[in-house]
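Chain by chain, the residues run as shown.
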Amino acid sequence: MTSNGRRPLLNRRLAEFGTTIFAEMSALALSTGSINLGQGFPDTDGPEEIREAAVRALRDGRGNQYPPGPGVPELRTAIAAHQKHRYGLAYDPDREVLVTAGATEAIAASLLALVEPGDEVIALEPYYDSYAASIAMAGGTRIPVTLRPHEETRDGVTHRRFRLDLDELRDAVTDNTRLLLVNTPHNPTGTVLTREELGEIAKLAVERDLLVITDEVYEHLVFDEAEHLPLASFPGMRERTVTIGSAGKTFSFTGWKVGWVTGTPDLVTAVRSAKQFLTYVASGPFQYAVAEALALPDTYFAAFRADMLAKRDVLAAGLTEAGFKVFQPAGTYFITTDIRPLGESDGFAFCRALPERAGVVAIPNAVFYDHREAGAPFVRFAFCKRTEVLVDAAERLRKAFAH
Ligand code: PMP
Ligand code: GLN
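Residues numbered from 1 in each chain as written. Chains lettered and ligands numbered in written order. Predicted model: local features only at pLDDT ≥ 70, side-chain atom pairs only at ≥ 80, totals over all residues. Heavy atoms only, no water.

- In the annotation of an unreviewed UniProt entry, the entry for the protein reads Probable N-succinyldiaminopimelate aminotransferase DapC, and the organism field reads Streptomyces olivochromogenes.
- Quoted verbatim from the Subunit (unreviewed entry) heading of the UniProt record, the comment on the protein is "Homodimer." (UniProt positions renumbered as here; feature names shortened; annotations may be inferred.)

This is the structure:
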């Protein structure tokens, strides 16, 4: 009850969520005139020819009225061709591909379709914030399995990553577990799950007969020796895995909100049952443009990755110089840092003060944790920004923190 004795407006399932951290931090960046390294969106648009493809679709009247529920055939065919070309995974564009309003809707629809109230859903913690809200809307119980910071020195070089403890994952599975919600490359830690880790996840899913939803929106953003391996390509996984992709990250058009699901006909039909009552359809003309984007030559993807890698290195060097402990990401467009070397331990307080202290906005990783204390000292910076912006941000951070 509220103080006036009436029921709270927001229902119990959503009460804990408040405003998403991304909206809060982007507003803070605007109101303080800070450099926004919080919310992950590029500050330049994707390829001109793809933007033109959207304009052409609009002008030609393609997609200006409701597109078909599963998505326009051109895009479904392009998604299937992409999965085949990249990973050797064959999907039937008519029965095994579904276009959604971004990955966000794909996540929500998958969970709403596959989870019964009371089912347990295991998610890797820190988790992308919409997972928790979507599990709650589906009436499920989230069971976080924490990725732990890990450091090792090889050939005199220190490597840091957040690592999945496979025993912890195994122990988290109960008779009530319905599905595993996996994300690789992983937001916010930048971890890319290895072949071995994915193999163990697959074995566990098969052994315990679990469904898997795998969020692979950063599939094209992997660096150094890291390799993106789709979970659906592991033995026994194709028939139990809903794979989620998105055009937003890969083509730098996050506002277009074109995402997709691939899976068996049964899984895709189930997800579509929920999806049709969320948005029904979305992004008509953009679907045609994304179909063209997915067919870009491999050189586009290689150049995009090289560009992001260079940006990562600029920001990572700046953060290191400013005194942060940097977890060099193997994927995504985020760097997670540990602020304890700066004499700080509360990421929330740190991020709230950061605009004032340095004119930069970042995200406290604790918002992505149920075990808030495990995430307290970690702060995430996005590097999907123009190089001069990253250089400026690095300089501001160095001035504020390096002694
Ligand atoms: N999953 C992850 C891991 C993300 O970081 C994001 C944010 N881009 C999404 C899903 C949502 O993607 P979209 O913008 O396509 O809805
Ligand atoms: N995925 C983006 C991030 O992690 C944010 C998307 C959003 O604002 N919902 O920063």
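**Side note on the sheet that holds strand β10 (residues 258–262)**
Then, number 1: Strand order in the open sheet formed by seven strands is β2-β10-β9-β8-β7-β3-β4, with mixed pairing between adjacent strands. Each end of this open sheet is capped by a strand with a single partner; those strands are β2 (97–101) and β4 (141–146). Mean inter-strand twist for the sheet, computed between neighbouring axes without regard to direction, equals 25°.
Then, number 2: Alignment of strand β3 (residues 120–125) against strand β7 (residues 177–183), held across four bridges, turns out to be parallel. Within β7, the position partnered with Ile122 by the bridge is Leu180.
Then, number 3: Across the sheet, helix α4 (residues 102–114) is in contact with β2, β3, β7, β8 (211–215), β9 (241–246) and β10; its angle to β9 comes to roughly 160°. (Pairing = 2+ DSSP bridges. Helix = DSSP H or I, 4+ residues; strand = E, 2+ residues; numbered from the N terminus. Axes fitted to C-alpha atoms, helices over the stretch in contact; angles between N-to-C directions. Contact = heavy atoms within 4.5 Å.)

**Some points on the site of ligand 2**
Then, number 1: If you check the shell around ligand 2, you find Phe22, Gln39, Gly40, Tyr128, Asn187, Tyr218, Lys249, Phe334 and Arg380 and nothing else.
Then, number 2: Separating a nitrogen atom of ligand 2 from a side-chain N or O atom of Lys249 is a distance of 3.4 Å.
Then, number 3: Surface burial for ligand 2 is 79%, taken as the share of its 300 Å² of free accessible area covered by protein chains.
Then, number 4: Residue composition of the shell around ligand 2, by class: four nonpolar, three polar and two charged. (Near = heavy atom within 4 Å. Polar contact = N/O pair within 3.5 Å; in protein donor to acceptor, adjacent residues only side chain to side chain. Areas by Shrake-Rupley, 256 points an atom, 1.4 Å probe, with all protein chains shown as cover. Nonpolar A, V, L, I, M, F, W, Y, C, P; charged D, E, K, R; others polar.)

**Considering unusual backbone geometry**
In terms of backbone geometry, most residues other than glycine have negative phi values and most peptide bonds are trans.
Then, number 1: A cis geometry characterises the amide bond from Thr184 onward to Pro185, with omega recorded as -15°.
Then, number 2: When you line up the elements, Pro185 lands in the loop between β7 and α7 (195–207).
Then, number 3: Here the residue pair Asn187 and Pro188 is connected by a cis peptide bond, since its omega of 10° sits within 30 degrees of zero.
Then, number 4: Structurally, the position occupied by Pro188 is in the loop between β7 and α7.
Then, number 5: With a phi angle near 65°, Tyr280 is a residue other than glycine that sits in the positive phi range.
Then, number 6: Within the fold, Tyr280 resides in the loop between α9 (265–275) and α10 (284–294).
Then, number 7: In this structure Tyr280 comes out as partly exposed when scored by relative accessible area, which is 37%. (Buried < 20%, exposed > 50% of the residue type's maximum accessible area, 1.4 Å probe, protein only.)

**Quick look at the pairing of β9**
Then, number 1: In terms of residue burial, β9 counts as a mostly covered element, since six of its six residues are buried.
Then, number 2: Here β9 shows no split at all, with Thr241, Thr243 and Gly245 on one side and Val242, Ile244 and Ser246 on the other all buried.
Then, number 3: In terms of strand pairing, β8 meets β9 through four bridges, oriented parallel. Bridged to Asp215 within β9 is Ile244.

**Structural notes on the sheet that holds strand β14 (residues 363–364)**
Then, number 1: Read from one edge of the open sheet, four strands run β11-β12-β15-β14, paired in antiparallel fashion. Lying at the two open borders of the sheet, with one neighbouring strand each, are β11 (325–327) and β14.
Then, number 2: Packing of helix α11 (residues 298–322) onto the sheet brings it into contact with β11, β12 (334–338) and β15 (378–382), and relative to β12 it is tilted by some 15°.

**Observations regarding the pattern of salt bridges**
Side-chain pairing between opposite charges can occur once the charged atoms of the two side chains come close.
Then, number 1: Tallied over the full model, the rule gives 31 salt bridges.
Then, number 2: Measuring nitrogen to oxygen at the nearest pair gives 3.6 Å for the salt bridge that ties Asp60 to Arg62.
Then, number 3: Note on Arg62: relative accessible area 27%, which makes it partly exposed.
Then, number 4: Close ionic contact of Glu152 with Arg154 constitutes a salt bridge, the shortest N to O distance being 2.9 Å.
Then, number 5: With relative accessibility at 32%, the residue Glu152 sits in the partly exposed group.
Then, number 6: The exposure class of Arg154 is partly exposed, given its relative accessible area of 43%.
Then, number 7: Here the residues in one salt-bridge network are Arg170, Glu200, Lys203 and Glu207, joined through shared partners. (Salt bridge = Lys/Arg side-chain N within 4 Å of Asp/Glu carboxyl O.)

**Concerning the environment of Gln39**
Then, number 1: Mapped onto the fold, Gln39 is located in the loop between β1 (35–36) and α2 (48–59).
Then, number 2: The class of Gln39 is partly exposed, set by a relative accessible area of 27%.
Then, number 3: The spacing of Gln39 and Ile363 is 324 residues in sequence and 7.6 Å in space, taken between C-alpha atoms.
Then, number 4: A polar contact of 2.8 Å, which involves the side chain of Gln39, links it to the side chain of Ser26.

**What to know about the nonpolar core**
Then, number 1: Leu111, Phe324, Phe381 and Leu397 are the most contacted members of the largest nonpolar core, which totals 99 residues.
Then, number 2: It is α11 that provides the largest number of residues to this core, a total of eight residues.
Then, number 3: Not counting residues up to four positions away in its chain, the partners in contact with Phe381 are Leu37, Leu315, Leu319, Phe324, Tyr333, Phe334, Ile335, Thr337, Leu354, Val360, Ala362 and Leu397.
Then, number 4: Counting 26 residues, the second largest nonpolar core, distinct from the first, contains Ile122, Leu204, Val212 and Phe327. (Core = buried A, V, L, I, M, F, W, Y, C linked by side-chain atoms within 4.5 Å.)

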